[in-house]
Amino acid sequence: MSFPQIVSREEWTTARERLLEEEKALTRARDQLSAARRAMPVVPVEKEYVFASPTGEVTLLELFQGRRQLLVRHFMFAPNAEEGCVGCSMQADNVGDLSHMHARDTSFVMIARAPLEKIEKFKARMGWAHIPWVSSYGSDFNYDFNVTMEKGELPAVSSFIREGEKIFHASSVFDRGGEVFINTYNYLDVTPLGRQEEGLAHPWDWWRHHDRYDAEQAANPGENWWTGLNKFQVRHDSPAEQQSTETATQ
């Protein structure tokens, strides 16, 4: 990318005011989209899901921690993998102090199918002590919410709301919809050079685990094989058969 055009302060102000009108239009459009999302119907969660946590088994209801809403970051970390997904890790790095969500009656948790021991080891390495994380290994949860498919794990963010002990699935966000959770992008987007992804085979090819940017053999996100898949189609995978296969390969 070439260096930006150099102009006077007056010319800059004119250009900035013009752009400001576009920014306001985008903000209003996003407000409308958010309102439409809130107006979406919800689906009862009839099945009781049980997860492994550092304090023992917990249910989906218990993950609410008494709050009205629950946000779930579906983290790509397969049972036979040794570390979590680079892209999901980048999103996790952008999760701040959860007290702000808690103040709005909302809890947050990351859920992956890797065994809890692997999750705890990776979580400690990445410095995410402030983020609750549980394992759905052996559960139908990932399959029922379409984040585990034949080829592997998918990234997503789902929201749930409860009325008493009744839980409802409100929304799930996939693919580029998840960019809103990467605040690194939001900051880069206001710089002259932006994301600097021009010329890359895939926009995400530059991502690394935050402790591996200087490592020559650091993992990158790899192929985004799930683009174009219908994430909202109910699937009929067998968690028991999948778990048996993965156990044999560990």
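The structure contained in this document is the topic of the report that follows. (Residues numbered from 1 in each chain as written. Predicted model: local features only at pLDDT ≥ 70, side-chain atom pairs only at ≥ 80, totals over all residues. Heavy atoms only, no water.)

**Observations concerning the overall build of the protein chain**
Working step 1: When helices and strands are tallied, the protein chain shows eight helices and 10 strands.
Working step 2: The principal-axis extents of the C-alpha atoms in the protein chain amount to approximately 65 × 45 × 35 Å.
Working step 3: Out of the 250 residues belonging to the protein chain, those deemed buried represent 38%.
Working step 4: Sequence separation of 24 or more characterises 67% of the internal contacts of the protein chain that already satisfy a separation of 6 or more.
Working step 5: Carbon and sulfur atoms provide 53% of the accessible area of the protein chain, an area that totals close to 15200 Å². (Helix = DSSP H or I, 4+ residues; strand = E, 2+ residues; numbered from the N terminus. Buried < 20%, exposed > 50% of the residue type's maximum accessible area, 1.4 Å probe, protein only. Contact = heavy atoms within 4.5 Å. Areas by Shrake-Rupley, 256 points an atom, 1.4 Å probe, with all protein chains shown as cover.)

**Regarding the pattern of salt bridges**
Working step 1: One pass over the full model with this rule turns up 14 salt bridges.
Working step 2: A salt bridge links Arg176 to Glu179; the nearest nitrogen and oxygen atoms lie 2.8 Å apart.
Working step 3: Salt-bridge contacts for Asp189 lead to Arg195; the nearest nitrogen and oxygen are separated by 2.9 Å.
Working step 4: What makes Asp189 partly exposed here is its relative accessible area of 41%.
Working step 5: Shared partners join several salt bridges into a network, and the residues in it are Glu83, Arg125, Asp211 and Arg212. (Salt bridge = Lys/Arg side-chain N within 4 Å of Asp/Glu carboxyl O.)

**Considerations on the pairing of strand S4 (residues 69-74)**
Working step 1: Strand direction decides the pairing type here: S4 and strand S5 (residues 106-112), joined by six bridges, are parallel. Bridge pairing in S5 links His74 to Ile111. (Pairing = 2+ DSSP bridges.)

**Quick notes on the pairing of strand S9 (residues 156-163)**
Working step 1: Burial analysis of S9 places six of its eight residues in the buried class, the great majority of the element.
Working step 2: Pairing between S4 and S9: six bridges, direction antiparallel. Following the sheet pairing, Val72 is matched in S9 by Ser158.
Working step 3: Alignment of S9 against strand S10 (residues 166-173), held across seven bridges, turns out to be antiparallel. Among the inter-strand pairings, Glu163 is bridged to a residue of S10, identified as Lys166.
Working step 4: Once S9 ends, the chain turns through two residues before running back antiparallel as S10, passing Gly164 with a positive phi of about 65°.

**Structural notes on the environment of Glu83**
Working step 1: By secondary structure assignment, the location of Glu83 is in the loop between S4 and helix H3 (86-93).
Working step 2: The exposure class assigned to Glu83 is partly exposed, which follows from its relative accessible area of 28%.
Working step 3: In this view, Glu83 contacts Phe77, Phe122, Arg125, His209 and Ala219; residues no more than four positions away in its chain are not counted.
Working step 4: Polar side-chain contacts of Glu83 include one of 2.7 Å to the side chain of Arg125. (Polar contact = N/O pair within 3.5 Å; in protein donor to acceptor, adjacent residues only side chain to side chain.)

**Topic: H3**
Each turn of an α-helix holds 3.6 residues, which means side chains three or four residues apart point in the same direction.
Working step 1: In terms of burial, H3 is largely enclosed, as seven of its eight residues are buried.
Working step 2: Val86, Gly87, Cys88, Ser89, Met90, Gln91 and Ala92 are the residues of H3 that are buried.

**Concerning the packing of aromatic side chains**
Working step 1: Tallied over the entire structure, the rule returns 16 aromatic pairs.
Working step 2: Aromatic side chains Phe75 and Phe122 sit 6.5 Å apart centroid to centroid with 70° between the ring planes, which places their arrangement in the edge-to-face category. Of the two residues, Phe75 is situated in the loop between S4 and H3 and Phe122 in helix H5 (residues 116-126); the sequence distance between them amounts to 47 residues.
Working step 3: For Phe75, a relative accessible area of 1% translates into the label buried.
Working step 4: We classify Phe122 as buried; its relative accessible area is 3%. (Phe/Tyr/Trp six-rings, centres within 6.5 Å; stacked < 30°, edge-to-face > 60°.)

That's the geometry; what it means functionally is another story.
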